[in-house]
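Structural description and commentary
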Amino acid sequence: IKSNAPPKITNDRNIGPIMTAMNKVKILEKGTNTAGALDQVRKHYATFSYPGKNTIMLTDGWPTAALGCPVKSMSLAAAQCYIDKAKLAAKTLRTSGEGTNILTAEIRTTNSKSNPELTKFLTDISGPKKSAGNTPAMWTLLSSKISIEMFITKLVRTICAWGPLIEPSVSNAIRAPIKDLS
């Protein structure tokens, strides 16, 4: 989003359902199952046809869980497994069916150090539909409460301007429970 001016809201009936859905999102398990979340979005998108599909992934860090990887492991092999699964899920989401654009937003506190490897991971999974990814222009850094609030406000206004009506049940598409973690 390049401007501080919000887009004109042409479909303001979306505001309530979108905010309700966003407020209902809860962490279901410990760990960030990036691959699982992207797979759930792909499955949801497969249920309807619409050429303008966009996915916006907000994250505060590395993927730390994935089905088929070592459970709750801090090993380098497990970390690479989580990353590889997330990259594959992003590629599949961008390229399967009609494809979808993937934009990523990295949430980092002002006290956090820069993490070039994490930024590279997030730019690797970002990209326009039908692309190989690795699109830095589709990644953004949110490093303060104000920037996060502005991003969420712009996001809601943009979704409302784009339409179509998004039902609150869509929030289930962005939850990716990990059933094999104990």
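As shown above, the structure is provided for reference.
Residues numbered from 1 in each chain as written. Predicted model: local features only at pLDDT ≥ 70, side-chain atom pairs only at ≥ 80, totals over all residues. Heavy atoms only, no water.

For the rest of this paragraph, the subject is the environment of L122. Relative to the helices and strands, L122 is located in helix α4 (residues 116-125). Its relative accessible area of 0% is what places L122 among the buried residues. Separated by 13 residues in the primary sequence, L122 and T135 place their C-alpha atoms 9.1 Å from one another. Excluding anything up to four places from it in sequence, L122 contacts M57, T59, T104, E106 and W139. (Helix = DSSP H or I, 4+ residues; strand = E, 2+ residues; numbered from the N terminus. Buried < 20%, exposed > 50% of the residue type's maximum accessible area, 1.4 Å probe, protein only. Contact = heavy atoms within 4.5 Å.)

To continue, consider the state of the cysteines. The final tally for this structure, using the stated rule, is one disulfide. Here C69 is linked by a disulfide to C81, with a sulfur-sulfur distance of 1.9 Å. Around the S-S axis, the bridge from C69 to C81 shows a dihedral of about -85° and counts as left-handed. One end of the pair, C69, is in the loop between β1 (54-59) and α3 (76-95); the other, C81, is in helix α3, with 12 residues separating them in the sequence. Per residue, the accessibility class of C69 equals that of C81, and both read buried. (Disulfide = S-S within 2.5 Å.)

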